[in-house]
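Topology and contacts: notes
Take a look at the letters that make up each chain.
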Amino acid sequence: MKSKEPISIIDLQIHLDNLSTCDDEVDIIKSIAVLIQPMMKYKDCIILKKNKSRFFETIGTSNSEFYVETWPECNLFASAISQGSIISLKPLEEFEFAFLDNKEKNKIKNVYIKCINTNSGSSLFIFTNINVNECEYIKNSSLINIFFQQLFFSLVNMDNFQKQTAESFSLVHKFSQLSSLFKELACEWFWRTTPKMLFESVKNANTVDNIYEQVFVSNTIFNLRSKRELLQENKWNDFKYTIESHGDFHEFEFEICALKSIWVSLSGKSQFDELGNFIGYLGIAKDITSTKEREASLKEEKQKAIEASNTKSKFLTVMSHEIRTPMNAIMGMIELLLDTQLDQEQKQWLNYANSSADILYGLITDVLDFSKIESGTVLLANKPINIRLLIDNIVGQLDIIEKNEHIIFTSTIDDALPKLFIGDEFRLSQVLFNIVGNALKFTKSGRITLNTSLINNMIVFEIADSGVGIAKKNLELIFKPFSQVNDSVNRTNEGVGLGLSISKNLIELMDGYLCVESQLGLGSTFKICIPFKAASNEEVKNITAKSRSSLSILVAEDNKTNQVLAKAFLEKLNHNVTLANNGSEALDLLKLKNFDLILMDIMMPVMDGLTATQHIRDKLLSDIPIYALTANAESNDKASCFKVGMNKVLTKPIKFEVLQAALNEFEP
């Protein structure tokens with residue numbers, strides 16, 4: 001009869017002694033084979049530890065194929081835990097070896113699982129391909145259980161030790177990195193001086209190459225000043241007074257004289273002995289060289305940006321004059337020709353030319369307006385606006401009703417909205433003209449509505465259309481400068497992609513906002529909201545055109561085409577016109593004849609308009625009204641006109657109705 005215990009206590013002691021000398025997991029797994037293989041033949045051994053609820057983890061195995069992080073609890077495991085051990089002749093049906101390929105799975109014929117319960121938790125010892133009849137040798141053996149318990153403790157301790165070691169190495173690595181980083185970046189150090197302000201001690205994190213110790217020790221702060229610091233007498237006189245009065249100081253910044261530029265910030269506190277005698281300063285210092293270098297770099301970049309902006313402004317000023325001057329002549333001459341006797345074909349050609357000129361003028365205006373907005377030089381004029389007249393003018397300019405029989409256009413104005421309110425009529429017209437124009441441009445047929453209302457003390461303009469619409473992904477794109485939803489060379493609509501960007505910026509300058517809702521193929525709705533400010537009784541004036549008697553006007557203009565245009569416009573308004581080719585001629589004519597008004601071009605040969613105006617005010621002591629004619633639309637150019645004594649600035653190209661409105665406001 002076989003003994004109940006397959007090994008003796010002495011044998012167990014020998015195996016446990018051998019187990020205690022194992023250096024790693026491989027040795028421990030081998031010790032299992034030494035003890036168990038003679039009793040029960042098996043192929044592979046896997047030791048699992050219950051880690052979390054319903055999960056086990058591998059802590060040891062003789063086959064790396066079984067080394068997975070988590071094993072889900074199954075019926076086979078549950079039975080082994082409840083019964084202490086179990087034999088399965090069909091383990092692949094009862095337990096899912098999902099991590100093995102089919103070839104490995106087919107090698108598993110049966111398994112024996114033994115459960116060992118300890119204070120550290122439950123563990124499972126799984127043996128594959130066993131001799132079923134031999135399991136009895138170890139199934140009920142208490143000595144084998146003791147061996148398995150000790151073996152489990154050894155694996156758990158070794159696993160914990162490895163994890164702690166890995167964590168320790170990780171912490172050491174992190175601390176090493178932080179230490180290196182601190183040593184590299186540390187910029188604060190301690191210092192101490194004698195009563196005569198000689199630095200006697202400097203303590204820095206970098207003890208190998210302490211440049212501060214080399215520079216400061218046995219020197220006074222006053223001997224360390226750079227040439228630039230020596231020029232700042234007031235700064236150093238104040239600091240000297242603080243030192244002599246033994247006062248504390250905080251973050252005193254200065255540049256020291258060394259082989260390379262070094263900036264430091266010192267904070268110091270005066271020290272006294274037990275008898276109250278001053279014994280020097282103790283403090284902390286900070287190297288701020290990199291900060292000062294960044295400040296200098298930013299200052300340099302800022303200066304470059306200012307210079308670039310000034311260069312751009314000068315370029316735009318010149319380009320504005322060079323482009324607007326011929327545009328003034330082209331558009332004016334077309335306007336004059338359209339007012340003469342023409343046959344139908346000639347009228348059609350001129351209308352084509354006028355349309356193209358308007359498009360070109362719009363592009364020029366957009367680019368210059370965008371530049372002014374970008375540079376912050378746009379100023380808004382707040383005057384009474386007749387909202388109904390403003391909308392009628394916009395609709396009339398776009399010819400929505402007359403020329404688009406496939407579009408139904410409607411415009412409504414809330415009765416609660418007062419007739420007049422305060423705002424910039426020109427800029428508001430520009431915004432509405434642009435957005436309503438876009439609705440017309442992208443709506444081939446259907447409807448366009450312009451509704452104006454007063455909501456929560458905000459004037460709300462809602463422009464809706466049934467046009468092509470905009471995809472959601474492109475809604476942000478339409479407000480970006482020089483961006484269009486379709487930017488290909490084959491697009492059907494003109495423009496450089498500035499209209500909506502300019503409109504959005506102008507509305508924000510009015511303290512309002514612009515938003516859009518759109519769906520591709522179903523149209524778009526733009527909503528403009530600006531704060532409402534009612535016009536006071538003092539601000540309400542008669543904004544209709546005034547009748548006026550004939551004026552005697554001197555026009556100083558060097559461009560022959562613009563001379564002809566200005567003369568034609570003015571004579572059409574029944575005014576008397578005298579022409580001068582430059583400022584010098586204008587001065588000579590003023591000495592010979594009396595005029596009611598001067599229209600003065602700014603850029604002329606011989607004598608420019610600004611110089612001529614200054615001469616009229618300072619030398620001739622005349623207060624005759626002078627209107628500037630300029631292609632320069634920048635606010636600083638206008639400021640130059642007002643500075644020399646001009647009364648008004650008219651920007652080229654000047655349209656007939658603009659000149660007429662300016663003369664209607666003229667008061668001699």
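Residues numbered from 1 in each chain as written. Predicted model: local features only at pLDDT ≥ 70, side-chain atom pairs only at ≥ 80, totals over all residues. Heavy atoms only, no water.

Observations concerning the overall build of the protein chain
Heads up, the condition is: A helix here means a DSSP run of H or I that spans at least four residues, while a strand means a run of E at least two residues long, and both kinds are numbered starting from the N terminus. Accessibility here uses a 1.4 Å probe with only protein chains present; expressed as a share of the type maximum, an area under 20% marks a residue as buried, one over 50% as exposed, and anything in between as partly exposed.
Each helix and strand in the protein chain was counted, giving 21 helices and 23 strands. Counting across all 668 residues of the protein chain, residues that qualify as buried make up 42%.

Topic: the sheet that holds strand 16 (residues 458-465)
As a reminder, the rule being used: When DSSP finds two or more bridges between two strands, those strands count as paired. For helices, the fitted line uses only the C-alpha atoms of the stretch in contact; every axis is such a line through C-alpha atoms, and the angle between N-to-C directions lies from 0 to 180 degrees. Any two residues having at least one pair of non-hydrogen atoms within 4.5 Å are treated as being in contact.
With respect to topology, five strands assemble into an open sheet ordered 13-15-16-18-17, the strand pairing being mixed. Where the open sheet ends on each side, the last strands, each with one partner, are strand 13 (407-413) and strand 17 (513-519). Each strand axis lies, on average, 10° off the axis of its neighbour in the sheet, ignoring direction. Lying on the sheet, helix 15 (residues 425-441) is in contact with strand 13, strand 15 (446-455), strand 16, strand 17 and strand 18 (523-531); it crosses strand 16 at an angle near 20°. Helix 16 (residues 499-509) contacts strand 17 and strand 18 of the sheet and is inclined by roughly 30° relative to strand 18.

Section: the packing of aromatic side chains
Between two aromatic rings, the relevant description is the distance of the centres plus the angle of the planes. Heads up, the condition is: Only rings of Phe, Tyr and Trp enter the pairing, Trp through its six-membered ring, and a pair is recorded when the two centres are within 6.5 Å. The plane angle decides the type: under 30 degrees is stacked, over 60 is edge-to-face, the rest tilted.
Within the structure shown, the criterion is met by 22 aromatic pairs. Where Phe56 meets Phe77, the ring centres are 5.3 Å apart and the plane angle is 75°; that geometry is what we call edge-to-face. Here Phe56, found in strand 2 (residues 55-61), pairs with Phe77, found in helix 3 (residues 75-83); they are 21 residues apart in sequence, far enough to count as distant. Here the two residues Phe56 and Phe77 agree in accessibility, since each one is buried. Ring geometry for Tyr112 against Phe127: centres 6.4 Å apart, planes inclined by 25°, an arrangement best described as stacked.

Examining the pairing of strand 22 (residues 626-630)
Defined as follows: Whether a crossover is right-handed comes down to one check: with the strands pointing away from the viewer, does the path from the first strand over the helix to the second run clockwise; if it does, it is right-handed.
Burial within strand 22 is extensive, with five of its five residues counted as buried. As defined by bridge partners, strand 21 (residues 597-601) adjoins strand 22 across four bridges and the pair is classed as parallel. What sits directly across from Met600, in strand 22, is Ala628. Between the parallel pair strand 21 and strand 22, the chain is carried across by helix 19 (residues 609-618), and the sense of this crossover is right-handed.

Quick notes on the state of the cysteines
Applied cut-off: We call a pair of cysteine sulfur atoms a disulfide when they lie within 2.5 Å.
Tallied over the entire structure, the rule returns zero disulfides. Counting only cysteine sulfurs, Cys515 is the nearest neighbor of Cys529, a cysteine outside any disulfide, at a range of 5.8 Å. Residue Cys529 is classed as buried on the basis of its relative accessible area of 3%.

Digging into helix 15
The condition that has to hold: Here a helix's expected span is defined as the number of its residues, less one, multiplied by 1.5 Å.
The terminal C-alpha atoms of helix 15, which comprises 17 residues, lie 23 Å apart, in line with the 24 Å expected from a rise of 1.5 Å per residue. By the criterion of burial, helix 15 is predominantly enclosed, with 13 of the 17 residues buried.

Notes on helix 3
What counts is decided by this rule: Throughout, the arc means that of the directions going from the helix axis to the C-beta atoms.
Residues Leu76, Phe77 and Ala80 constitute the buried set of helix 3. Down the axis, helix 3 shows its buried residues gathered within 100° of arc, on one side only. The exposed residues of helix 3 that point more than 90 degrees off its buried face are Asn75, Ser82 and Gln83. In the segment just after helix 3, Gly84 is the residue with positive phi, at about 95°.

What to know about the side chain of Ser31
Mapped onto the elements, Ser31 comes out in helix 2 (residues 25-36). Classification of Ser31 by relative accessible area gives buried; the value is 11%. With sequence-adjacent residues up to four places away left out, Ser31 is seen in contact with Leu19, Phe147 and Leu151.

As for the nonpolar core
Our working rule: The nonpolar core is taken to be a set of buried Ala, Val, Leu, Ile, Met, Phe, Trp, Tyr and Cys residues, with the residues joined through side-chain atoms within 4.5 Å.
The biggest cluster of nonpolar side chains holds 37 residues, and the ones touching the most others in it are Phe461, Ile463, Phe526 and Ile528. Counting only elements with at least two residues in this core, the list comes to helix 13 (387-398), strand 13, helix 15, strand 15, strand 16, helix 16, strand 17 and strand 18. By residue number, the principal contributor to this core is helix 15, which donates seven residues. Beyond its immediate chain neighbours, meaning those up to four positions away, Phe461 contacts Ile387, Ile391, Leu428, Leu432, Asn451, Thr452, Phe526, Lys527, Ile528 and Ile530. With 32 residues, the next largest nonpolar core counts Ile28, Ile59, Tyr112 and Phe127 among its residues.

With respect to the sheet that holds strand 23 (residues 648-651)
Sheet architecture is open: five strands sit in the order 20-19-21-22-23, paired in parallel fashion. Strand pairing shows two members of the sheet lacking a second neighbour, strand 20 (576-580) and strand 23, which therefore form its edges. The mean inter-strand angle of the sheet, taken between neighbouring strand axes irrespective of direction, is 20°. Note: strand 22 against strand 23, four bridges, orientation parallel. By the bridge assignment for strand 23, Leu629 is matched with Leu650. Sheet strands in contact with helix 17 (residues 560-572) are strand 19 (552-556), strand 20 and strand 21, and its direction is about 165° off that of strand 20.

Focus: unusual backbone geometry
Positive phi values are uncommon outside glycine, yet Asn456 reaches one of about 50°. When its relative accessible area of 72% is taken as the criterion, Asn456 is described as exposed.

Details of the pattern of salt bridges
Rule in force here: One speaks of a salt bridge when a side-chain nitrogen belonging to Lys or Arg is within 4 Å of a carboxyl oxygen belonging to Asp or Glu.
Here the structure, examined in full by the defined rule, presents nine salt bridges. Between Lys292 and Glu295 there is a salt bridge, with its nearest N and O atoms 3.6 Å apart. Of the two residues, Lys292 and Glu295 are both situated in helix 11 (residues 289-338); the distance of three residues between them amounts to about one turn of the helix. By relative accessible area, Glu295 is classed as partly exposed at 42%. For the salt bridge of Lys304 with Glu300, the shortest nitrogen-to-oxygen distance reads 3.7 Å. Here the residue Lys304 and the residue Glu300 both occupy positions in helix 11, the gap between them amounting to four residues, near one helical turn.

Some details on the environment of Leu76
If you trace the backbone, Leu76 turns up in helix 3. Owing to a relative accessible area of 3%, Leu76 belongs among the buried residues under this scheme.

Side note on the packing of helix 17 against helix 21 (residues 656-664)
Relative placement of two packed helices is described by the angle separating their axes and the distance separating the axes. Convention followed: Angular relationships are summarised with four words: roughly parallel below 35 degrees, roughly antiparallel beyond 145, roughly perpendicular across 65 to 115, and oblique for the angles in between. A crossing counts as left-handed when the near helix is turned anticlockwise from the far one by less than a right angle, and as right-handed when that turn is clockwise. In this classification, Asp, Glu, Lys and Arg are treated as charged, Ala, Val, Leu, Ile, Met, Phe, Trp, Tyr, Cys and Pro as nonpolar, and every other residue, Gly included, as polar.
Close contact between helix 17 and helix 21 brings their axes to 11 Å; oriented N to C, the two are set at 55°. Considered as vectors, helix 17 and helix 21 are oriented oblique to each other. Crossing handedness for the pair helix 17 and helix 21: right-handed. In this structure, helix 17 contributes Phe569, Leu570 and Lys572 to the contact, and helix 21 contributes Phe656, Leu659 and Leu663. Here the residues of the contact of helix 17 with helix 21 are counted per class, giving five nonpolar, no polar and one charged.

Concerning the packing of helix 18 (residues 583-592) against helix 19
Interhelical geometry of helix 18 versus helix 19 gives an angle of 25° and a closest axis separation of 8 Å. Between helix 18 and helix 19, the angle is such that the two are roughly parallel. As for the relative orientation of helix 18 and helix 19, their crossing is right-handed in sense. Residues Gly583, Leu587 and Leu590 of helix 18 form the contact with helix 19, whose participating residues are Ala612, His615 and Ile616. Each residue belonging to the contact of helix 18 with helix 19 can be placed in one class, and the counts come to four nonpolar, two polar and no charged.

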